[in-house]
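# Structure assessment
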Amino acid sequence: MTIFSKIAAGEIPSYKVAENDKFYAFLDISPLAKGHTLVIPRREVDYFFDLEDDELAEYQVFAKRVAAAVKKAFPCKKVAQIVLGLEVPHAHIHLIPMNSEEDVNFRNEHLKLTEEEFKEIASRIRAEF
């Protein structure tokens, strides 16, 4: 079981912003910006493009709804969708509020937020979902 599966199952705490029976969205604990959210399928699949076609379509629609909530909670030009990462063998989408492409450079310094800040950010996104 991956760390992301454990998060979605509630075995590891997270700052949940949205969920349904197939997908789970939670705040990245090392965010590039306030509102940086990860969206995962509950089913463990390592490679994004190994998802079944119908599952991939549902995943994108769910991520679209989460992105709309992120944009309302944290006004920006766009919410970037980035699929990358080899460190966790579980497909995941990064949704990051952005006003320029530099905002989504993973080499940038990541924010260090307090628990209260994470809770407030998650609450703002959940309220818009």
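The text that follows walks through the structure, step by step, so that each part is easy to find. (Residues numbered from 1 in each chain as written. Predicted model: local features only at pLDDT ≥ 70, side-chain atom pairs only at ≥ 80, totals over all residues. Heavy atoms only, no water.)

With that settled, the discussion passes to helix α2 (residues 53-73). A rise of 1.5 Å per residue sets the reference length of α2, with its 21 residues, at 30 Å; its end C-alpha atoms lie 30 Å apart and thus fit the reference within 8%. When we look at burial in α2, the residues that qualify are E55, L56, Y59, F62, A63, V66, A67, A69, V70 and A73. In an axial view of α2, the angular spread of the buried residues amounts to 160°, which keeps them on one side of the axis. Projecting away from the buried face of α2 at angles above 90 degrees are the exposed residues D53, D54, V61, K64 and K72. Looking at the packing, one finds that the buried side of α2 touches β1 (16-19), β2 (23-27), β3 (37-41), β4 (78-82), β5 (93-98) and α3 (115-128). (Helix = DSSP H or I, 4+ residues; strand = E, 2+ residues; numbered from the N terminus. Expected span 1.5 Å × (residues − 1). Buried < 20%, exposed > 50% of the residue type's maximum accessible area, 1.4 Å probe, protein only. Arc of directions from axis to C-beta. Contact = heavy atoms within 4.5 Å.)

The next subject is the packing of α2 against α3. At a closest axis distance of 8 Å, the pairing of α2 and α3 adopts a crossing angle of 120°. Our classification of the angle between α2 and α3 gives oblique. For the crossing formed where α2 meets α3, the hand is right-handed. Of the residues in α3, those touching α2 at A69, V70, K72 and A73 are R124, I125 and E128. Taken together, the residues that form the contact of α2 with α3 break down as 4 nonpolar, no polar and 3 charged. (Axes fitted to C-alpha atoms, helices over the stretch in contact; angles between N-to-C directions. Parallel < 35°, antiparallel > 145°, perpendicular 65-115°, else oblique. Left-handed = near helix turned anticlockwise from the far one by under 90°. Nonpolar A, V, L, I, M, F, W, Y, C, P; charged D, E, K, R; others polar.)

This part is about a negative patch on the surface. Residues D46, D50, E52, D53 and D54 make up a contiguous surface patch of negative charge. Take D46: it is sitting in the loop between β3 and α2. (Patch = residues over 30% accessible without salt bridge, like charges linked within 9 Å, V, L, I, M, F, W, Y side chains within 5 Å. Areas by Shrake-Rupley, 256 points an atom, 1.4 Å probe, with all protein chains shown as cover. Salt bridge = Lys/Arg side-chain N within 4 Å of Asp/Glu carboxyl O. Lys, Arg positive; Asp, Glu negative; His and termini not counted. Charge placed at Lys NZ, Arg CZ, Asp CG, Glu CD.)

Another point: the sheet that holds β4. If you walk across this open sheet you meet the 5 strands as β1-β2-β3-β5-β4, and the pairing is antiparallel. The open sheet terminates on both sides in strands that have one partner only, identified here as β1 and β4. The sheet shows a mean angle of 20° between the axes of neighbouring strands, direction not considered. Of the pairings in the sheet, the one linking β1 to β2 comprises 3 bridges and is antiparallel in character. Along β2, the bridge assignment pairs A18 with A25. (Pairing = 2+ DSSP bridges.)

For the rest of this paragraph, the subject is the pattern of salt bridges. Scanning all chains against the criterion turns up 8 salt bridges. The closest approach of N and O atoms between E19 and K16, which form a salt bridge, is 2.6 Å. Assessed through its relative accessible area of 36%, E19 is described here as partly exposed. Under the relative-accessibility criterion, K16 is labelled partly exposed at 31%. R42 is the salt-bridge partner of E19, the closest N and O atoms lying 2.4 Å from each other. With a gap of 23 residues between them, E19 in strand β1 and R42 in the loop between β3 and α2 connect regions that are remote in the sequence. Judged by its relative accessible area of 26%, R42 is partly exposed. What emerges from the salt-bridge pattern is a single network uniting K16, E19 and R42.

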